[in-house]
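Take a look at the letters that make up each chain.
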Amino acid sequence: MAEVAENSDLNISDHVAVAKFCRSHAIDLVVVGPEAPLVAGLANDLRQAGFSVFGPDKAAAQLEGSKAFTKSICDKANIPTAAYAHLHDKASALTALDDFQIPVVIKADGLAAGKGVIIAETHQQAQDAIEDMFGGGFGDAGAQVVIEEFMQGEEASFFALTDGENIIRFGSAQDHKRVGEGDTGPNTGGMGAYSPAPVLTQSLEDTVMRDIIEPTVKTMAAEGMAYNGVLFAGLMLTEDGPKLIEYNCRFGDPECQVLMMRYQGDLALLLKRIADSDLGADEAMEFSKQSAMTVVMAAKGYPASPEKGGAINLGAQDDVQIFHAGTAFKDGALVANGGRVLNVTAMADSVTAAQKSVYAAIDKIDFPSGFYRRDIGYREIAREEKG
Ligand code: AMP
Ligand code: GLY
C-alpha cells in the first residue's frame, strides 16, 4: 500500500483520534474495512463527527457481530437458513442438542476471527464444543451459542451494496476456506477465490436477491437499523434452494481481490455515493466478463502459528496482480510478516485459464517458507472441462 498511498499509524479503537486525523487531513470518505471496528461503532462515531462513512453502524453490524441476531432477522423476514437454537447456558444447550441430527454445527455467537464455528461429526464433538464455548474457550464470543442444522450443498458468496434502501448487486465469488488441497485441514480466512461463481446462476441470484438480500435490507430499516455498506452473504446452495449461512459486513478476504479485479467503475465515487445515501434503484454495475482468480501464498504454519520473516523474491511478473497482505520490508528486502502473505491474482476468459496464469506466476516466486493450494477453482474447472 505504501507504494500507492500514505499509511498512517492510528489506533483504530481510539475513535476520537481517528476523527481528529480525518479532520486534520480533510478526509472526504472513510471506508471502515474490518468487522471489529464496525461492531465497535467506529462508523457511528465518524458519522456523528460529520464524515462520509461507508460501512454499517454498530447496530447494523450485528449482522456479522452476532450469529443469533442474524438468525432473529431471518425469523422476522422469513429468510431461508438452517434450523437453529439460540442458547444462553450450557445445560440448555446440551438439552437442545438432542433435537439435532449429527453432523451438527456449533457456533459461538460473537466475533471469533473465523474460528467460532465447529462442524461436529459426532455427538461427543458437539458436546465438547458446547462445553468449550461456555467454558470460555472463545472468550466473550462464546457466552451465547447457536446450534444449527448441518446444510448439505456447494457454497458461494454473493455481494450487495446498499445505502439502507436501494440495493445494487456486486457480483459473486467462491472461496476455499480449508488450508489443504481437496478442502482438508482446518478452516482459514480463505486460501483462494474466483469470481464470478457461475454455480450461482442468474436465476439463483434473482432468488437470493428476492428471498435473502431484499428482506434483510427492508427488515433492518424497519427495525431502525438501516444498513449502509456491503452485505456479503455466505450461501449454501442446497437441494431446496439457496440458504443463508452467515453475513459479513465487509468485502471479504480474498473475495475482495477478485471482485476489485473485475469491477470497472470508479470505486471511490461509488462508495462515497453509498455513504451519502445517494444510490438509485437497481443500478447496474460494470464488471469485466472475464474470470478473476486469486491464490493465497501463506507462511508455513498458518493458520495456527505462521513463520515470520521468510524471504520472498517475486521474480519478473507481468500478467498478474500481486496483492500484498502480510509482507514487510526488512533491510530493503521483501519478507513475510503475517499468516496470509501474498494474493497472486489473474484475469482470463475462463477459470481454467485464470488458474493457469496464477500458477505460472507462482512458479516464478521464490518463497521457501511459504505454501499455497494448487487446486483453487477445482469445482468450476471440472464444470468447464465437462462443458
Ligand atoms: P461461518 O463463519 O458461519 O461462515 O461458518 C464457517 C463455515 O462453516 C462456512 O463457510 C461453512 O463451510 C460451514 N458452516 C457454517 N454453518 C453451516 C451449516 N449450518 N451447515 C453446513 N456448514 C456450515
Ligand atoms: N474469506 C472469508 C471472509 O473474509 O470472511
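All figures in this text were calculated on a predicted structure; none of them were measured in a lab.

## A word on unusual backbone geometry
Keep in mind that most residues, glycine aside, have a negative phi and that most peptide bonds are trans.
1) Next: Cis geometry is found at the peptide bond from S195 to P196, where omega equals -5°.
2) Next: Looking at where P196 falls in the secondary structure, it is placed in the loop between β11 (192–195) and α8 (202–222).
3) Next: Of note, the amide linkage connecting Y302 to P303 takes the cis form, showing an omega dihedral of 10°.
4) Next: One can find P303 in the loop between β14 (291–299) and β15 (321–324).

## Re the pattern of salt bridges
1) Next: Throughout the structure, instances matching the rule amount to 18 salt bridges.
2) Next: A salt bridge links D57 to R47; the nearest nitrogen and oxygen atoms lie 2.4 Å apart. Within this pair, whereas D57 is found in the loop between β2 (53–54) and α4 (62–65), its partner R47 is found in helix α3 (residues 42–48), the two being separated by ten residues in sequence.
3) Next: Residue classification places D57 among the partly exposed residues on the basis of a relative accessible area of 26%.
4) Next: For R47, a relative accessible area of 24% puts it in the partly exposed group.
5) Next: E246 is the salt-bridge partner of K67, the closest N and O atoms lying 3.5 Å from each other. One end of the pair, K67, is in helix α5 (residues 67–77); the other, E246, is in strand β13 (residues 241–248), and 179 residues separate them in sequence.

## Focus on helix α6 (residues 90–97)
1) Next: Listing the buried residues of α6 in full gives A93, A96 and L97. Looking straight down α6, one finds that the buried residues subtend no more than 105° of arc, so they occupy a single side. Structural note: α6 exposes A91 and T95 on the side pointing more than 90 degrees away from its buried face.
2) Next: In the core, the buried residues of α6 are packed alongside β3 (84–87), β4 (104–108), α7 (123–134) and β6 (145–149).

## Some words on empty space enclosed by the protein
Empty pockets left among the atoms are what a rolling probe the size of a water molecule brings to light.
1) Next: Across all of its chains, the model carries one cavity of 30 Å³ or more by this definition.
2) Next: Looking at the largest cavity, it is lined by 14 residues, and the ones nearest its centre are K67, T70, I245, E246 and Y247.
3) Next: Elements represented by at least two residues in the lining of the largest cavity include exactly α4, α5 and β13.
4) Next: A breakdown of the residues in the lining of the largest cavity according to their chemical character gives five nonpolar, three polar and six charged.

## So, α7
1) Next: The first and last C-alpha atoms of α7 sit 17 Å apart over twelve residues, in line with the 16 Å expected at 1.5 Å per residue.
2) Next: Taken together, the buried positions of α7 are occupied by A126, A129, I130 and M133. The buried residues of α7 occupy one face: seen down the axis, they fall within an arc of 95°.
3) Next: Where α7 is buried, its residues meet α6, β4, β5 (117–120) and β6.

## Section: the environment of G182
1) Next: Relative to the elements of secondary structure, G182 occurs in the loop between β9 (178–180) and β10 (184–187).
2) Next: Judged by its relative accessible area of 46%, G182 is partly exposed.
3) Next: With 36 residues separating them in the primary sequence, G182 and V146 have C-alpha atoms 28 Å apart.
4) Next: With sequence-adjacent residues up to four places away left out, G182 is seen in contact with R373 and D375.

Thresholds applied
Residues numbered from 1 in each chain as written. Chains lettered and ligands numbered in written order. Predicted model: local features only at pLDDT ≥ 70, side-chain atom pairs only at ≥ 80, totals over all residues. Heavy atoms only, no water. Helix = DSSP H or I, 4+ residues; strand = E, 2+ residues; numbered from the N terminus. Salt bridge = Lys/Arg side-chain N within 4 Å of Asp/Glu carboxyl O. Buried < 20%, exposed > 50% of the residue type's maximum accessible area, 1.4 Å probe, protein only. Arc of directions from axis to C-beta. Contact = heavy atoms within 4.5 Å. 1 Å grid on protein atoms, 1.4 Å probe; cavity = no way out; pocket = protein on both sides within 12 Å on 5 of 7 lines; lining within 4 Å. Points joined across faces, edges and corners; volume = space filled by probe spheres on them. Nonpolar A, V, L, I, M, F, W, Y, C, P; charged D, E, K, R; others polar. Expected span 1.5 Å × (residues − 1).

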